[in-house]
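Report on the structure
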Amino acid sequence: MDVKKTVLYDDHLANSAKMAPFAGFLLPIQYQSIIAEHNATRKAATLFDTCHMGEFRIHHGDALSDLEKLLTCSIRTLEVGRCRYGLMCNPRGGVIDDQIIYRVGENDFFMVVNAATRQDDYIWIGSRLSKNTRIEDISDETAKIDLQGPGSPKIMRKLMDRPIDGMRYFDFAYNQYQGTRVLTSRTGYTGEVGFEIYCDTDLVSKLWNDCLDLGAKPAGLGARDTLRLEMCLPLYGHELSGDRNAAESNLTYCIARDKPFIGSPAVLDESVRRFSLAAIVLESRRAARARDLVLDEAGVEVGVITSGSFSPSLGKGIALGYVLARYNQPGATLKIKTERQELTGTVSDMPFYKHATGRKRLDEFL
Amino acid sequence: MVSEECLYTKTHEWVRIEGELAVVGITDHAQRALGDITFIELPQLHVEVERGKECATIESVKAASDIYAPISGEVFEVNASLEGAPEKINHDPYGEGWIFKLKDYNRNHLSSLLNASAYEAFLESEA
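The structure displayed is predicted, hence computed values, not measured ones. (Residues numbered from 1 in each chain as written. Chains lettered and ligands numbered in written order. Predicted model: local features only at pLDDT ≥ 70, side-chain atom pairs only at ≥ 80, totals over all residues. Heavy atoms only, no water.)

**Examining the overall build of chain A**
Definition in use: A run of DSSP states H or I qualifies as a helix once it reaches four residues; a run of E qualifies as a strand once it reaches two. Both are numbered from the N-terminal end. Each radius of gyration reported is based on C-alpha atoms, and the globular scaling rule is 2.2 Å times the count of residues to the power 0.38. Accessible area is worked out with a 1.4 Å probe on protein chains only. A residue is then buried under 20% of its type maximum, exposed over 50%, and partly exposed in between. Whether two residues are in contact is decided by their heavy atoms: any pair within 4.5 Å suffices. Residue-level accessible areas treat just the shown protein chains as cover; the underlying method is Shrake-Rupley with a 1.4 Å probe.
In terms of helices and strands, chain A carries eight helices and 20 strands. Its C-alpha radius of gyration of 20 Å places chain A within 12% of the 21 Å reference for a compact globule of 366 residues. Overall, chain A is about 65 × 50 × 45 Å in size when its C-alpha atoms are taken along their principal axes. Looking at chain A as a whole, 58% of its 366 residues qualify as buried. Summarising the internal contacts of chain A: among those between residues at least 6 apart in sequence, 67% fall at separations of at least 24. Accessible surface computed for chain A: about 15,300 Å², of which carbon and sulfur atoms make up 49%.

Encoded structure:
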């Protein structure tokens, strides 16, 4: 398969990034150190290249009611200027993708999806829209970077032509960067206060380097993964997949119970749910990895790990995995059979990291 | 970076002879390739390790890998300080990041190891 480069490729090489293919793109895994980039996101400010992600515009016709059918989250209660996380399910209740939907106008929406699923999503959505609803895939002409961490609001304020002060968690706004329109949202995949910035591809290299000049450190996919894992945020292809009922993911806050959507009979039917997503803290620095088996104390297989890593914030191994629901009780002991040995873990409440700043008021950081 | 005082394996371990002991670690190239090291399982004291066989496990944020004994011998000492601070291997792979020391090692095995310039040439050929 052809591996694509994002428009920031040369900027990554200039920052000595270690590059590797991900979702069809050559992306920075790390610059100097995953742990240093992780800690800089928790304590200061970092910058991620997320240009690979997919963006759609969905508007006109019956866009609102079409999206209600396609997504698990409520659309009619989403205010203009707000965005919301939600899942897109198949009729069996499995997850086709996870996404964030932005309400730009009454009947005008912007959707951000995963890079690996972008083409399939476009076909899935496009073939289920009413006759007069329009969809455009604007991924190729849309660049995106994520500025994250408690130091990010000050940097953002210097970068943007207009004030950012009023932005709440999951608010978005059109702003201007050196006279050009950019879309900014108070979102991210790290748990920390921060912004996702969408702009034209010819503008992004300048914006990227301005962020660095103002003190943000570049961070790669390695840190992005440990940061999201500490927050128990799911990763498509790991915690979420077409074969796994969305309800088992415990993402109940993004599953509306008062509307039908594709897959809702299966998702809302509690009798079909056997497994649930558990957060497991390992007893040592040793990590479990995706596909390791979860065993009960007697050694009987009760589940499987979907993501696992060393947690820089906890100083221990942490993992997410699907276990038979009765085993998913905080404090319960589970064994994990790794490639090399059996590890002991304890079911924890979510998230693993309790001190994230994402939901705090912006003025605490300005 | 390679140390002139060490001998090397193609699996990126180093050996340095200090008196009666052979000190073993992983190379600067290896620690760079692994990235941040988060865990090490050291060999047990007094066990005999066999040249080319797994004798320790090392984990980074991304993955777990094996460390192979570069020569045969008896484990005389392990660097227990690495258990709480495995990042020493990243910061000082030929110094504070040493992993274990062998005694009564097989001296004949030393001739099968690479010297610094041969190891550098090997790294270039791999690149």
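**Details of the interface of chain A and chain B**
The condition is simple: Two parts placed together each lose some accessible area; with a 1.4 Å probe, that loss summed over both constitutes the buried area. Any carboxyl oxygen of Asp or Glu within 4 Å of a side-chain nitrogen of Lys or Arg constitutes a salt bridge here. Side-chain atoms alone can form a polar contact between residues adjacent in sequence; in general such a contact is a pair of N or O atoms within 3.5 Å, and within protein one must be able to donate a hydrogen while the other accepts it. Ten residues, namely Ala, Val, Leu, Ile, Met, Phe, Trp, Tyr, Cys and Pro, are considered nonpolar, four, namely Asp, Glu, Lys and Arg, are considered charged, and the remaining ones, Gly among them, are considered polar.
Counting residues at the interface gives 17 residues for chain A, matched by 20 residues for chain B. For the pairing of chain A and chain B, the buried interface totals around 1,400 Å² over both sides, and the portion due to carbon and sulfur atoms is 43%. Broken down residue by residue, the surface that chain A buries against chain B is led by A:R285, A:R286 and A:R340, which jointly contribute 44%. Of the charged contacts, one joins A:R286 and B:E41 as a salt bridge, the two residues approaching to 3.5 Å between their closest N and O atoms. Counting every contact that joins chain A to chain B gives 12 residue pairs in polar contact (both at pLDDT 80 or more). Among the elements that make up the side of chain A that touches chain B, the one with the highest residue count is helix α2 (residues 34-43) of chain A (three residues). Here the residues of the side of chain A that touches chain B sort into five nonpolar, seven polar and five charged.

**Focus: the pairing of strand β2 (residues 13-18) of chain B**
All names here are of chain B. Under the convention used in this document: We call two strands paired when DSSP finds no fewer than two bridges between them.
For strand β1 (residues 7-8) and β2, the ladder comprises two bridges, and the chain directions are antiparallel. Looking at β2, one finds that L7 is bridged to V15. Between β1 and the antiparallel strand that follows it, β2, lie four residues; H12 among them carries a positive phi value of about 75°. Strand direction decides the pairing type here: β2 and strand β3 (residues 21-26), joined by six bridges, are antiparallel. Residue pairing in the sheet places R16 in a bridge with V23 of β3. Remark: two residues form the turn of the hairpin made by β2 and β3, two consecutive strands paired antiparallel; G19 in that turn has positive phi of roughly 65°.

**Side note on the environment of A:N107**
Residue and element names in this part refer to chain A. Along the chain, N107 turns up in the loop between β7 (95-105) and β8 (108-113). N107 sits 42 residues away from S65 along the chain, and the two C-alpha atoms are 9.3 Å apart. Setting aside residues up to four positions removed in sequence, N107 forms contacts with I58, H59, H60, G61, D62, A63 and L64.

**Topic: the sheet that holds strand β19 (residues 333-337) of chain A**
Residues and elements named next belong to chain A. As a reminder of what qualifies: To obtain an axis, a line is fitted to C-alpha atoms, over the contacting stretch when the element is a helix, and the angle between two such axes runs from 0 to 180 degrees between their N-to-C directions.
In spatial order, the strands read β15-β18-β17-β16-β19-β20; together these six strands close into a barrel with antiparallel pairing. With direction set aside, neighbouring strand axes in the sheet form an average angle of 40°. Strand direction decides the pairing type here: β19 and strand β20 (residues 342-348), joined by five bridges, are antiparallel. Within β20, the position partnered with I336 by the bridge is L343. Each of β17 (301-311) and β18 (316-324) touches helix α7 (residues 221-230); the most contacted strand, β17, lies at about 125° to it.

**With respect to the environment of A:N175**
Residue and element names in this part refer to chain A. Positionally, N175 belongs in strand β11 (residues 172-177). Sequence separation between N175 and C199 is 24 residues, and the spatial gap between their C-alpha atoms is 10 Å. In this structure the side chain of N175 is engaged in a polar contact, spanning 3.0 Å, whose partner is the backbone nitrogen of R162.

**A word on the sheet that holds β8(A)**
Residues and elements named next belong to chain A. Pairing is antiparallel across the open sheet formed by five strands, whose spatial order is β6-β7-β8-β5-β9. Across the chains shown, the open sheet's two edge strands, defined by having one partner strand only, are β6 (83-89) and β9 (134-137). Each adjacent strand pair in this sheet contributes to an overall mean axis angle of 25°, direction not counted. As paired strands, strand β5 (residues 54-59) and β9 are joined by four bridges and run antiparallel to one another.

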